[in-house]
Amino acid sequence: MMLALEMFRSLPRTVAGKTLGDRLPLVGGMAHPIRLVTIDPPRVDKPGWARLRTRLSGICGSDLGAVSGKTSLYFSAVVSFPFVPGHEVVADLMEDCEDLPKGTRVVIDPVLTCAARGVEACPDCTAGATNRCSRITVGHLAPGLQTGFCTTTGGGWGQQLSAHRSQMYPVPEGYSDEQAVLVEPIACAVHSALRADVTPNARVLVSGAGSVGLLTTLALRQLTPVGEIIVVAKHGHQRELSLDFGATEVVTPKEVLRRVRRLSGAFQLEPEYSRGYLLGGVDVAFDAVGSKQSLETALHATRAGGRVVLSGMPAAADLSAAWFRELEIVGTYASAKTEPGADGRSSFDVALELAGHDAVATLAKTVAPYPLHRWREALDHAQSAGRLGTVKVAFDPRKRG
Ligand SMILES: [Zn+2]
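The paragraphs below set out a description of the structure included in this document. Every chain's residues receive numbers from 1 upward, in the order its sequence appears when written. Reporting in this predicted model follows two pLDDT cut-offs: at least 70 for local features of residues, and 80 or more for side-chain atom pairs to be given and counted; totals over whole chains, interfaces and linings ignore these cut-offs and use all residues. Values reported for side chains reflect all heavy atoms of the structure, with hydrogen atoms and water molecules removed beforehand.

### Some thoughts on the coordination of the zinc ion
Each angle at a metal carrying four tetrahedral donors should ideally be 109.5 degrees, and each at a metal carrying six octahedral donors should ideally be 90 or 180 degrees. What counts here: A donor here means an N, O or S atom no more than 2.8 Å from the metal, or no more than 3.2 Å when the metal is Na, K or Ca. Since water is not included, a site may seem to lack partners. Geometry is assigned from donor-metal-donor angles: four donors are tetrahedral when every angle falls between 85 and 135 degrees, four are square planar and six octahedral when opposite donors sit over 155 degrees apart with all other angles between 65 and 115, and any other arrangement is irregular.
Surrounding the zinc ion are the protein donor atoms C114 (SG), C122 (SG), C125 (SG) and C133 (SG), which sit 2.3 to 2.4 Å from the metal. Every donor counted, the four donor atoms about the zinc ion form angles of 103 to 118° at the centre, which fits tetrahedral coordination. Linear spacing of the donor residues for the zinc ion on their chain is C-x7-C-x2-C-x7-C.

Structure, rendered in structure tokens:
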């Protein structure tokens, strides 16, 4: 038996609201209550599968969205209940898995692709765009877009989980677990920076300076020919961090339009009873939060014909600018086995290198690990991480105290 946190089933949010109280804001969709349970470790008796013991597992914005009911009902068709969350995972192999011996420390690409599901590869998997796999509800696993959203595999918020060899990347010796737990979010940032197709010296805005914004800034600086990177940071401690990760300029949400206007020679307009916007602006903007405000900042600060990249799970926003300014809206989800923008390497291989960067090593020292039974505190902490001066909160299921 093992300890795990379980997201057990969805309730209409009016009911869930009573359970969760006012700790987490309930905006839309379904809230998924969590409980600490003792269950059988997940096991998949199929070729290429092995059991793992979790070392650390991060809390991501998409996890908080599921807990609080902010996630769109769109996603209810690609998860299976009850599931153990946790898709940012560092873990040890409990048994040999093909070429990897028992005891190997690995990070997991959480996407549950055709290879993991034992079905013939779909066209996207064949092309290496594994994050676009269209078989995420079939094969020998229950529906689930990723480890941490699938009832069969378990997730990192449990003492054990199961994963497929195709998902595993061994962690280099010198890396701490805290560095390793950042590899999955770095891989997503690598994918989204490459998806943005940044041209030489392009002026780029990154809206948000939490882990997604910081790691996206790093990936842009290290992997693309970007020029200026303007990062929008809400909280004081994020200013210095953003500069360490490669920003040329850090602004508050209040200053952003005025600052981009000056830098790019744009015009600023103030519509009635609504938020201001620019005519002119940056070439590419990333929404690295997934809030209405952050997405609208990205839309309103991008020049006509520019590109807006959705790095966070997006909220509903006013899309007028996308129409009026002919913006390209680019979705980026998870990471791919083959990145054409990285000579065909996987986002994870690139991320494993970036995890060795000084800025990441420094950030890793601030990762806040919680034992499973303190899950309420951990989720509250993650929800207010920016305000509290933390970037990444994680569970350490080995911890008792
Ligand atoms: Zn596939």
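### Description of the packing of aromatic side chains
What counts here: The pairing test for Phe, Tyr and Trp rings, Trp by its six-membered ring, is centres within 6.5 Å, and the orientation test on the planes gives stacked under 30 degrees, edge-to-face over 60, and tilted for anything in between. Partly exposed describes any residue whose relative accessible area lies between the buried limit of under 20% and the exposed limit of over 50%, with all areas from a 1.4 Å probe on protein chains only and scaled to the type maximum. Whether a charge sits over a ring comes down to the Lys NZ or Arg CZ being within 6 Å of the ring centre and within 35 degrees of the ring normal.
The full count for this structure, using the stated rule, is five aromatic pairs. Ring plane angle 75° and centroid distance 5.1 Å describe the contact between Y74 and F75, whose orientation is recorded as edge-to-face. On the accessibility criterion, Y74 (66% relative accessible area) is exposed. Judged by relative accessible area, which is 25%, F75 ranks as partly exposed. The structure contains a cluster of three or more aromatic residues connected by ring pairs, namely F81, F83 and F149. Taking the ring centre of F8 as reference, the NZ or CZ of R35 above it sits at 4.0 Å. The positively charged end of R325 is found above the aromatic ring belonging to F324, 5.3 Å away from the centroid.

### Things to note about helix α9 (residues 256–264)
As a reminder of what qualifies: Comment: elements are numbered from the N terminus, with helices defined as DSSP H or I runs of at least four residues and strands as E runs of at least two. Think of the arc as the fan of directions from the helix axis to the C-beta atoms.
If you check which residues of α9 are buried, you get V256, L257 and V260. Each buried residue of α9 lies within a common arc of 95° when the element is viewed along its axis, so the set occupies one face.

### With respect to the packing of helix α6 (residues 183–195) against helix α12 (residues 347–354)
To keep things clear, this is the line we draw: The convention used is that axes are lines fitted to C-alpha atoms, helices contributing only their stretch in contact, and that angles between N-to-C directions extend from 0 to 180 degrees. In this scheme the crossing of two helices becomes right-handed for a clockwise turn of the near helix relative to the far one and left-handed for an anticlockwise turn of less than a right angle. Residue contacts follow a heavy-atom distance rule, with two residues in contact if any of their heavy atoms lie within 4.5 Å.
It is the contact of α6 with α12, at a shortest axis distance of 8 Å, that shows an interaxial angle of 115°. Here α6 runs over α12; the crossing is right-handed. Residues V183, E184, I186, A187, V190 and H191 of α6 touch α12, and the partners they reach there are S347, F348, V350, A351, L352 and L354.

### Description of the pairing of strand β8 (residues 204–207)
Definition in use: Strand pairing is assigned whenever DSSP detects at least two bridges linking the two strands.
Neither face of β8 is open: one carries V204 and V206, the other L205 and S207, and all of them are buried. Taken together, the four bridges between β8 and strand β9 (residues 229–232) define a ladder with parallel strand orientation. Bridging across to β9, L205 finds its partner in I230. Relative to strand β13 (residues 282–287), β8 runs parallel, the two being bridged by four bridges. Pairing of V204 across the sheet is with V284, part of β13.

### Notes on unusual backbone geometry
Here F81 and P82 are connected by a cis peptide whose omega angle stands at -10°. Along the chain, the position of P82 falls in the loop between α2 (61–68) and β4 (89–93). Positioned with a positive phi, Y273 is a non-glycine residue whose angle comes to about 50°. Position of Y273 relative to the elements: it lies in the loop between β11 (267–269) and β12 (277–279). Residue classification places Y273 among the exposed positions, given a relative accessible area of 84%. Here A334, not a glycine, exhibits a phi torsion of approximately 50°, which is positive.

### Observations regarding helix α7 (residues 211–223)
The cut-off we apply is this: Residue count minus one, scaled by 1.5 Å, sets the expected span of a helix.
Over its 13 residues, α7 runs 18 Å from end to end, which matches the ideal 18 Å to within 8%, given 1.5 Å per residue. Among all positions of α7, only S211, G213, L214, L215, T216, T217, L218, A219 and L220 are buried.

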